[in-house]
Amino acid sequence: MLNNKKKLIGFILYCMLNHAQAEVLVILPESGPLARAGLSIKQGFMSAYQASALETPIKFVNSDKKPIAQLLQQNLNKKTQMIVGPLARQDVEALIRAQPKVPVLALNEVSLHSAKVGQFSLSKQDDAIALNQVLQHDQIQVLYVLQQKDSEIDNELFLISLLTETSYPLNIIEEMPKKLNKHTGLLLLGNNAWLNQLDRLPHKNIYILPNAIEQDQVLPVGVKFCDVPALYESEWPDVIQAVQANAVPMADQRLIAFGGDAWYIASQYLAEPNLKSMQFQGRTGLIQVTNTQIQRIPHCYEKTKKGIRGL
């Protein structure tokens, strides 16, 4: 009996020790062309982590310095409970090919898939799905698309994604239409300065993308868009704190919110390793997780004379 108690106590101590030593390996670019994005994601991740009750150690490594396979060889060990990252698509593909034995939350989406790798991103496809829901609600049957000059490549992926969602024509135009009928919409693809210099904008059925929204810059009344809710709603104090502490532009604020949601998803897997599905209202939208499939649906808004209101 005494020996059994000793064994039980030893087992409990062993579990506690291993749990205390377990860590999350976060692979993000800390230098190179994606360093700014990596830093914003890290700020959001750590802000949400510090606001949570979990104390699992976090280990950051720079994905810009070494190949992913080498980083895994040097940093993956018995203490590693989960991997978050990397960010660049080629690094995500390399990680999937490396087939790590622990769960992974990759921070981009690629065509390769693995049963252990969830892929989470601020994808154009998610933006297109959300905007199409607004278009359907507005009973749009024809959509005109007016693009800022030299922005076509930036908009290509979004338009392709929107085409797969819609059942009506998308008409690329070069001049502002004189009028829109009840079931015709106008999608404006360009930056804030370009948007605000357009003349004769209609006041209904006009739509924009988040890249047209800049801090403290005006938006035309009537425009509708879908974006990261943490930028417009005050439910996530960790994002507000991180944004105020760093005074970053809107694009970086979205990445801070993205980092916060990445931590929340990771924390759920840490708490329940065999988790199969979950759904929650996140900083970047409605997050739906089924096995390793992760879908994000941004919230949508309209600019009114009194400010921005949720749709």
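Please read these numbers as outputs of a predicted model, since none were measured by experiment.

Enquirer: Could you give an account of the sheet that holds strand β9 (residues 206–208), naming the residues involved and the relevant values?
Expert: A sheet is described by the order of its strands in space; here 7 strands give the open sequence β7-β6-β8-β9-β10-β14-β15, paired in mixed fashion. Lying at the two open borders of the sheet, with one neighbouring strand each, are β7 (170–173) and β15 (307–310). On average, adjacent strands in this sheet sit at an angle of 30° to one another, irrespective of strand direction. One ladder, built from 4 bridges, connects strand β10 (residues 223–227) with strand β14 (residues 299–304); its direction is antiparallel.

Enquirer: Got a sec to walk through the packing of helix α2 (residues 35–51) against helix α8 (residues 237–246)? Specific residues and values, please.
Expert: Running from N to C, α2 and α8 point in directions that differ by 130°, and their axes come no closer than 9 Å. The angle between α2 and α8 falls in the class oblique. At the point where α2 passes α8, the crossing takes the right-handed sense. Here α2 contributes Gln43, Ser47, Ala48 and Ala51 to the contact with α8, which in turn contributes Asp238, Ala242 and Asn246. Among the residues making up the contact of α2 with α8, the classes are represented as 3 nonpolar, 3 polar and 1 charged.

Enquirer: Residues and numbers for the environment of Ala53, please.
Expert: Along the chain, Ala53 falls in the loop between α2 and β2 (58–62). Note on Ala53: relative accessible area 73%, which makes it exposed. Residues Ala53 and Lys66, spaced 13 residues apart in sequence, show a C-alpha to C-alpha distance of 33 Å.

Enquirer: So what's going on with unusual backbone geometry? Which residues, and what values?
Expert: For the bond running from Gly85 to Pro86, omega is 0°, close enough to zero to count as cis. The topology assignment puts Pro86 in the loop between β3 (80–84) and α4 (89–98). For Gln99, which is not glycine, the phi torsion reads 55° and is therefore positive. You can see Gln99 is positioned in the loop between α4 and β4 (104–106). Residue classification places Gln99 among the exposed residues on the basis of a relative accessible area of 63%.

Enquirer: Tell me about the pattern of salt bridges, residues and numbers included.
Expert: Enumeration over the complete set of coordinates arrives at 8 salt bridges. Among the ionic pairs, Asp127 bridges to Arg296, the shortest N-O distance being 3.4 Å. Taken together, the positions of Asp127 in helix α5 (residues 124–137) and Arg296 in strand β13 (residues 293–297) put the pair 169 residues apart, joining distant regions of the chain. Comparing Asp127 with Arg296, the two get one shared label, buried. We note a salt bridge from Arg309 to Glu302, for which the minimum N-O separation is 2.8 Å. Residue Arg309 is classed as partly exposed on the basis of its relative accessible area, which comes to 42%. Within this structure, Asp126, Asp127 and Arg296 form a network of salt bridges that share partners.

Enquirer: Would you mind going over the pairing of strand β1 (residues 23–28) in detail, with residue names and values included?
Expert: The element β1 is extensively covered by neighbouring structure, given that 6 of its 6 residues are classed as buried. The alternating pattern of β1 places Glu23, Leu25 and Ile27 and Val24, Val26 and Leu28 on opposite faces, both of which are buried. In this structure, β1 lies alongside β3, joined through 4 bridges in parallel fashion. Bridge assignment links Leu25 to a residue of β3, and that residue is Ile83. Where β1 lies against β2, 5 bridges are found, and the strand directions are parallel. Considered in β2, the bridge of Val24 is made with Ile58.

What counts as what
- Residues numbered from 1 in each chain as written.
- Predicted model: local features only at pLDDT ≥ 70, side-chain atom pairs only at ≥ 80, totals over all residues.
- Heavy atoms only, no water.
- Pairing = 2+ DSSP bridges.
- Helix = DSSP H or I, 4+ residues; strand = E, 2+ residues; numbered from the N terminus.
- Axes fitted to C-alpha atoms, helices over the stretch in contact; angles between N-to-C directions.
- Parallel < 35°, antiparallel > 145°, perpendicular 65-115°, else oblique.
- Left-handed = near helix turned anticlockwise from the far one by under 90°.
- Contact = heavy atoms within 4.5 Å.
- Nonpolar A, V, L, I, M, F, W, Y, C, P; charged D, E, K, R; others polar.
- Buried < 20%, exposed > 50% of the residue type's maximum accessible area, 1.4 Å probe, protein only.
- Salt bridge = Lys/Arg side-chain N within 4 Å of Asp/Glu carboxyl O.

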